[in-house]
Amino acid sequence: MSNAGYAQERETTEGKVFTVTGGDWDSIVSGVDPLHDERIVVNMGPQHPSTHGVLRLVLEMEGETVTEARLVVGYLHTGIEKNMEYRTWTQGSTFVTRMDYLAPIFNETAYSLAVEKLLGIEDQVTERANTIRVLMMELNRISSHLVWLATTGMELGALSMMIYGFREREFILDIFEMITGLRMNMAYVRPGGVSQDVPDTAIVKIREFLDFMPKRLKEYEDLLSGQPIWTARTKGVAVLDVTGCVALGVTGPVLRSSGLAWDLRKTMPYCGYETYDFEVPTQPEGDVFARYLVRLAEIRESLKIIEQALDRLKPGPVMVEDRKIAWPAQLALGNDGLGNSLEHVAHIMGQSMESLIHHFKLVTEGFRVPAGQVYVPIEGPRGELGAHVISDGGTRPFRVHMREPSFVNLQAIPAMAEGGLLADVIAGGASLDPVMGGCDR
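Since the structure is predicted, the reported quantities are computational estimates derived from the model, not experimental observations.

(A) Main features of the pattern of salt bridges. In total, this model carries 22 salt bridges according to the counting rule given. Of the charged contacts in the structure, one is a salt bridge between R70 and E68, with a shortest N-O distance of 3.3 Å. With its nearest N and O atoms 2.9 Å apart, the salt bridge here joins R128 to D197. Taken together, the residues R128 in helix α5 (residues 127-155) and D197 in the loop between β7 (193-194) and α7 (200-224) connect sequence positions 69 residues apart. Since its relative accessible area comes to 12%, R128 is described here as buried. Classification of D197 by relative accessible area gives partly exposed; the value is 32%. Through salt bridges with shared partners, a single ionic network connects E138, R141, R256, D263, R265, E298 and E379.

(B) Examining the packing of aromatic side chains more closely. One pass over the structure, following the stated rule, counts 8 aromatic pairs. A ring pair is formed by F171 and F209, whose centres lie 6.1 Å apart and whose planes are at 20°; its orientation type is stacked. Taken together, the positions of F171 in helix α6 (residues 159-180) and F209 in helix α7 put the pair 38 residues apart, joining distant regions of the chain. Residue F171 is classed as buried on the basis of its relative accessible area of 14%. Here the aromatic residues Y270, Y273, Y276 and F278 are joined through ring pairs into a cluster of three or more. Seen from the ring of Y276, R312 lies directly overhead, with NZ or CZ sitting 3.9 Å from the centre.

(C) Geometry of a nonpolar patch on the surface. A contiguous nonpolar surface patch, about 400 Å² in accessible area, is contributed by V242, V246, L260, W262 and M268. You can see W262 is positioned in the loop between α10 (253-256) and α11 (264-267).

(D) Representation of α6 within the structure. For α6, with 22 residues, the first-to-last C-alpha span of 32 Å sits near the 32 Å given by 1.5 Å per residue. Immediately downstream of α6, the backbone of G181 shows phi near 95°, a positive value.

(E) Looking closely at the nonpolar core. Counting residues in each nonpolar core, the largest one holds 112 residues, and the members touching the most others are L139, Y188, I206, F209 and V389. Sorting elements by how many residues they give to this core places α5 first, with 11 residues. When neighbours within four sequence positions are excluded, V389 is seen to be in contact with W89, Y111, A114, L118, G372, Q373, V374, R399 and V400.

(F) The arrangement of the sheet that holds strand β5 (residues 65-72) in detail. Pairing in this open sheet of 3 strands is antiparallel, and the strands run β3-β4-β5 from one edge to the other. Taken across any chain shown, the strands that pair with only one partner, and hence form the sheet edges, are β3 (39-44) and β5. Pairwise comparison of adjacent strand axes, ignoring direction, gives a mean angle of 20° for this sheet. Taken together, the 6 bridges between β3 and strand β4 (residues 56-62) define a ladder with antiparallel strand orientation. Pairing of R39 across the sheet is with E62, part of β4. Docked against the sheet, helix α17 (residues 422-431) engages β3, β4 and β5, running at close to 150° with respect to β4.

Calculation notes
Residues numbered from 1 in each chain as written. Predicted model: local features only at pLDDT ≥ 70, side-chain atom pairs only at ≥ 80, totals over all residues. Heavy atoms only, no water. Salt bridge = Lys/Arg side-chain N within 4 Å of Asp/Glu carboxyl O. Helix = DSSP H or I, 4+ residues; strand = E, 2+ residues; numbered from the N terminus. Buried < 20%, exposed > 50% of the residue type's maximum accessible area, 1.4 Å probe, protein only. Phe/Tyr/Trp six-rings, centres within 6.5 Å; stacked < 30°, edge-to-face > 60°. Lys NZ or Arg CZ within 6 Å of the ring centre and 35° of its normal. Patch = residues over 30% accessible without salt bridge, like charges linked within 9 Å, V, L, I, M, F, W, Y side chains within 5 Å. Areas by Shrake-Rupley, 256 points an atom, 1.4 Å probe, with all protein chains shown as cover. Expected span 1.5 Å × (residues − 1). Core = buried A, V, L, I, M, F, W, Y, C linked by side-chain atoms within 4.5 Å. Contact = heavy atoms within 4.5 Å. Pairing = 2+ DSSP bridges. Axes fitted to C-alpha atoms, helices over the stretch in contact; angles between N-to-C directions.

Okay, here's the thing in structure tokens:
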């Protein structure tokens, strides 16, 4: 039997060895028509400063014009969804938070809402826990958009924007650290509520952020909106109209920048978003500049939501009452990080042997979730982030699959890039705001 098309093999003293080569690149280059001297193949990435992570673009060019664009993903594969099948339901938060690492709170919330739906405890989640979730998500939305603004500015030549964007994001990460003990990948939102309450010192820092951030946004606009290089690189570039967005499943700011006001916080509310007063910004042009305007407007709307959340942050529990689910309980931030408070440990140890056994089994085995499957979508910074979770009635997920907006939105790159210039591939790809940790989870 011929092994043409397969890797070459040879026998050695250590066994059979295969010689693996880049077949995809060879096949593309070998298909180049020698009569067309102008046609070349450019391999952009995966180690490239302007592909927003380890994304590879194989571009066929005629001069400076892109005739065909192929995307190659998978360089950041982590196997998070499969790993979750071997951990308890609560430990799942520690895994999902690392998918889209610029939006950890959203990953945790989507997953936790899905588990709560399987448990049938959506109505038992406390008002304070839901308010804290909204507060943290909107802070996270701003920090994510700031990274987009900073990195896209750098890629198109506005180097100052990189410094300013990360300066403000650093302030938000300081707030996250005060509340959760970590700057990123916090595993803060968990099935049943959140891991611990928001300290008063963090409230003061958030109000300080609300005070100065509108002025900073005005500075960004003064820096970019009328700048001739910025407008030349973004206006009329990488246009994708609403029909193209819907056909490709594109959601989030990219969809709204083509004129469709589709935001799951309004159309399919969760965590009490229907009780908040905010607008859904849109722009009709569907180009890179429109996506820039939409994201700036979304930051302003998030600031409004954060202020409302602070005003309604009433005292109360931050986890459901059911002690079979509410683990870990009574957490505290100590010198050695996040853990059970010493008072809580002393209470468990001194109460009764049964209490100690129950705590031990809950921590090591976890709680059981009734058999079934659910799909819960939320509005992440990049679009619809959905959690499809299946339980077989055990203490671990049977299957978890996330509908990741970065992965779906990347389909739009060929539609935006082909027929345009090579330089516009950078602007168009950046305007999608892909995060490869989420794409390759």
